[in-house]
Amino acid sequence: MKKTHIVGIVIIAVAIAIIVSTYGNSSTYATFAEAKESAKEMHVVSHLVKSKPQHYDPIKDANYFSFYATDNKGGECKIVFFGTKPQDFEKSEQIVLTGEMVGNEFHASKILMKCPSKYTEQGGDMKEFSSVKKATAL
């Protein structure tokens, strides 16, 4: 076997390894129904359901915040976030949740909010909030 063949095989193997590792770290946006079927962490684009109650009592537990959200296909789910309630949460236009389903609840490890802003030309500002602890199974 020639040296050029060996170098070519090594280059192809490295390229395949890079493609596989990149694909393994990527995630796609899903709905709550798709997140329920998957056992891994998903990203869900959602909107706050303002007609349903939000639970946040900083005196009792400052790292527990729950609310309801709908995904882009209209699926509604209770969201549990183990962190402080983000400032101006009610003003958010869109919420990107990162987390996994635990029973019938979506336990979010990160919340990315798009808030309307009167100070920017684009009309929106993105803010990210991370949970204090990782969501655990019940």
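Keep in mind it's a predicted model, so treat the numbers as computed, not measured. (Residues numbered from 1 in each chain as written. Predicted model: local features only at pLDDT ≥ 70, side-chain atom pairs only at ≥ 80, totals over all residues. Heavy atoms only, no water.)

This paragraph deals with the packing of aromatic side chains. Counted by the stated rule, this structure contains 6 aromatic pairs. Between Phe65 and Phe89, the aromatic rings sit 5.0 Å apart at their centres with planes inclined by 85°, giving edge-to-face as the arrangement. Pair noted here: Phe65 is in strand β4 (residues 61–71) and Phe89 is in the loop between β5 (76–81) and β6 (94–102), with a separation of 24 residues, a long-range link. Of the two residues, Phe65 and Phe89, neither departs from the other in class, the shared state being buried. A connected cluster of aromatic rings, assembled from ring pairs, spans Tyr56, Phe65, Phe67 and Phe89. (Phe/Tyr/Trp six-rings, centres within 6.5 Å; stacked < 30°, edge-to-face > 60°. Helix = DSSP H or I, 4+ residues; strand = E, 2+ residues; numbered from the N terminus. Buried < 20%, exposed > 50% of the residue type's maximum accessible area, 1.4 Å probe, protein only.)

Once that is clear, we can look at the nonpolar core. Where a protein is soluble and globular, its nonpolar side chains tend to be buried together. Counting residues in each nonpolar core, the largest one holds 21 residues, and the members touching the most others are Phe32, Phe67, Ile79, Leu97, Phe106 and Ile111. Residue assignment for this core shows that the elements contributing at least two residues are α2 (32–37), β2 (42–48), β4, β5, β6 and β7 (105–116). Residue contributions to this core peak at 5 residues, all from β7. Apart from residues no more than four positions distant in its own chain, Leu97 is found in contact with Phe32, Met42, His43, Val44, Ser46, Phe67, Ile79, Phe106, Ala108, Lys110 and Ile111. (Core = buried A, V, L, I, M, F, W, Y, C linked by side-chain atoms within 4.5 Å. Contact = heavy atoms within 4.5 Å.)

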